[in-house]
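# What the coordinates show
Here is what each chain is made of, one letter per residue.
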Amino acid sequence: MKLLHCPLISAYKPKLHSQNYPFSRRNSVDFVSIGGKSRISVAVVNAAADSGRGAKAETPATAVVVEKPTMERRRFEVLPGKPLPFGATATDGGVNFAVFSSNATSATLCLITLSDLPQKRVTVQIFLDPLANKTGDVWHVFLKGDFENMLYGYKFDGKFSPEGHFFDSSQIVLDPYAKATVSRGEYGVLGPEDDCWPLMAGMVPSAADQFDWEGDLPLKFPQRDLVIYEMHVRGYTNHESSGTKFPGTYRGVVEKLDHLKELGVNCIELMPCHEFNELEYYSYNSVLGDYKFNFWGYSTVNFFSPMGRYSSAGLSNCGLVAINEFKYLVKEAHKRGIEVIMDVVFNHTAEGNENGPIVSFRGIDNSVFYMLAPKGEFYNYSGCGNTFNCNHPIVRQFIVDCLRYWVTEMHIDGFRFDLASILTRSSSLWDAVNVYGNSTDVDVITTGTPLTSPPLIDMISNDPILRGVKLIAEAWDCGGLYQVGMFPHWGIWSEWNGKYRDIVRQFIKGTDGFSGALAECLCGSPNLYQEGGRKPWNSINFVCAHDGFTLADLVTYNDKHNLANGEDNKDGENHNNSWNCGEEGEFASISVKKLRKRQMRNFFLCLMVSQGVPMIYMGDEYGHTKGGNNNTYCHDNYINYFRWDKKDESSSDFFRFCCLVTKFRHKCESLGLDGFPTAERLQWHGHAPGTPDWSETSRFVAFTLVDKVKGELYVAFNASHLPVTITLPDRPGYRWQPLVDTGKPAPYDFLTDDLPGRETAAKQYSHFLDANQYPMLSYSSIILLLSPDDDA
């Protein structure tokens, strides 16, 4: 994620905050109480009342009868409860509620029926007594009663000051530990009175909630064997051509998992599926005549809740269906041998800067959950208005608890951490006592300073549950901290290798000076990872991702074309290392289009023959185009949707190529090594065997690789504008046979055993191979295999 949509923050958040959040006087509460032993008081909403905050009832309550003309009779028994675990926890006897707030002076549990939610109306308010219902900084209560179709939230009161506290007792805030978040039931549909930020509440769990995992267990694939596919849940099946019964949902993804099996993918990386508000950027886009959305989802509302509007059932069962449909997706993926990694955004939240809405963390304990300057200003290392205070003891425990939940309860196989460098920055009020609980001689460190041993990364890396899953860092942030190759790793963290992306793009398009750098990339970037004790699989290699050009656009456009975003083409990255192959845009000459196809094959082949873990971006396997838009965060339309009609077109021969190359990688023992290749296995070549050219003007890289399954591979990349005839390494008694040549038209770009006319195609270059040579077109790449020479 980049600092690309951030200018919108100041434009939309103040408006939403002022218009959508405060309750009106007609929604104030009328307080009642019923006798008993507890010190807890109870309130019932009366829509006709015209009181303000009111005073606590003097008589405590143990059992409450709630009656209202619009609501059925309910009875709750109220007990002190326990401070742990955090969140709402169901037992056979009832539900325990526990929430942290160190600076609040009062706390109120709000129970809300599903029917009262759209009116932002509280059904029952239970005031928590600081003496009976607070342990340390944790407020808690235990309730027994009928919770059917019941949601919950909290109200907190305390000091309100721009220096760090945003307590507002009129606001209902979402529990950070809520396991499902309920607000609107349908994606993209405004709330009552066109509200973009309707009231959000958490699901009250039940001990009866069960899911049949059918014996599902973690796949635990060695990371070196992964082929990752970055996917957007809604975008994957929401286009009408998907033909799915449940388009744009978790269930829709399940309907199309077999496509990934065909492609050779064994791991999907889901773009944000934590609860977020897709209406966060909602505004009319005059360019396209539609509305802008927060489509990507990099703006989390609640980290424990799966995105409710990716469920096919809307508000059904107060969000439980969304949880179960997400579990169903994971279970079905595992059945097909596909692991599931989540893209998580712990660097900031949807509450934005000081003008943003009070949704959850800000209204509970703003100075704890966010990184603040001395006068209350929000540090903005995320570029999105705020920075999560990740290394504060409370916040880092929250993050660890959340990750554990997704592994143990949702069976997730790993995580990709968005802008993960923020996770290494010191928290507000950083000092050894605050962090470790004991005094040291270490001086106080300035807020936001990068730490060599960040407590959060330490906790995750040494956690008995989390250290066994895949951990991938996007090792940079929007504050200028770039840690690719240097992210604190404890030997287990991997990184999105942004340097791989940049080098491969430069070399393949024919830029001088990158032959040596490409060789490092092909070996798994030992220059970045070997010295620190890591392995090739700690490098997540990619050419394209959700940020930036698609693969097809990378070879079609020199410049970004982001006018559709409505920001005068000012947003998005300006330095794309792209090349349009001679003409800008999709409408080009036949010769240019042929070159573009070659370049796409070159990029994909390079990705699949590199040591490390390859990652494919959704749609690149058929050549999806976004029209040159490199920042499509706001489009819920065809720009971001997977086009199944394009994938199925007979002219989409690129998909066949991708499937074959990916499966070839899986079959080769040497293309997913556990260690960096040595001279015993790998040898570099130039136009002649054993004479690589690492000069600044070289645009040719070739190598042979010993493979225990295939014998030996010869791989070469000619990024020059000139064709070349190369001399192959001499292997007495053996003969080099062509397998892949991106310079040949499909289907002869990959010679499968069952390809009609295969022998004829192979013989076209037999006279070259007889002389141990092979001709390569400009901008082409090849794979040759060694086989016994029957004529020798």
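Residues numbered from 1 in each chain as written. Predicted model: local features only at pLDDT ≥ 70, side-chain atom pairs only at ≥ 80, totals over all residues. Heavy atoms only, no water.

Looking up the protein chain in an unreviewed UniProt entry gives the name Isoamylase 1, chloroplastic-like isoform X2, with the organism given as Nicotiana tabacum.

## Considering the packing of helix H10 (residues 498-508) against helix H14 (residues 590-609)
Running from N to C, H10 and H14 point in directions that differ by 140°, and their axes come no closer than 11 Å. In terms of orientation, H10 lies oblique with respect to H14. As for how H10 packs across H14, the hand of that crossing is right-handed. Within the contact between the two elements, H10 uses Tyr500, Val504, Arg505 and Ile508 and H14 uses Gln599, Asn602, Phe603, Cys606 and Leu607. (Axes fitted to C-alpha atoms, helices over the stretch in contact; angles between N-to-C directions. Helix = DSSP H or I, 4+ residues; strand = E, 2+ residues; numbered from the N terminus. Parallel < 35°, antiparallel > 145°, perpendicular 65-115°, else oblique. Left-handed = near helix turned anticlockwise from the far one by under 90°. Contact = heavy atoms within 4.5 Å.)

## Structural notes on the sheet that holds strand E30 (residues 711-718)
Ordered in space as E28-E29-E30-E34-E32, the five strands form an open sheet in which the pairing is antiparallel. In this open sheet, the two strands that pair with only one neighbour each are strand E28 (682-685) and strand E32 (734-741). When the angles between neighbouring strand axes are averaged without regard to direction, this sheet yields 20°. The pairing of E32 with strand E34 (residues 780-788) spans seven bridges and is antiparallel. Bridged to aspartate 741 within E34 is isoleucine 782. Relative to E34, H14 is tilted by about 50°, and along the sheet it contacts strand E29 (700-707), E30, E32 and E34. (Pairing = 2+ DSSP bridges.)

## Re the side chain of aspartate 707
With respect to the element layout, aspartate 707 can be found in strand E29. A polar atom in the side chain of aspartate 707 sits 2.8 Å from the backbone nitrogen of valine 709. Ignoring any residue separated from it by four or fewer positions in sequence, one finds aspartate 707 in contact with Cys668, Glu669, Ser670, Arg681 and Glu712. (Polar contact = N/O pair within 3.5 Å; in protein donor to acceptor, adjacent residues only side chain to side chain.)

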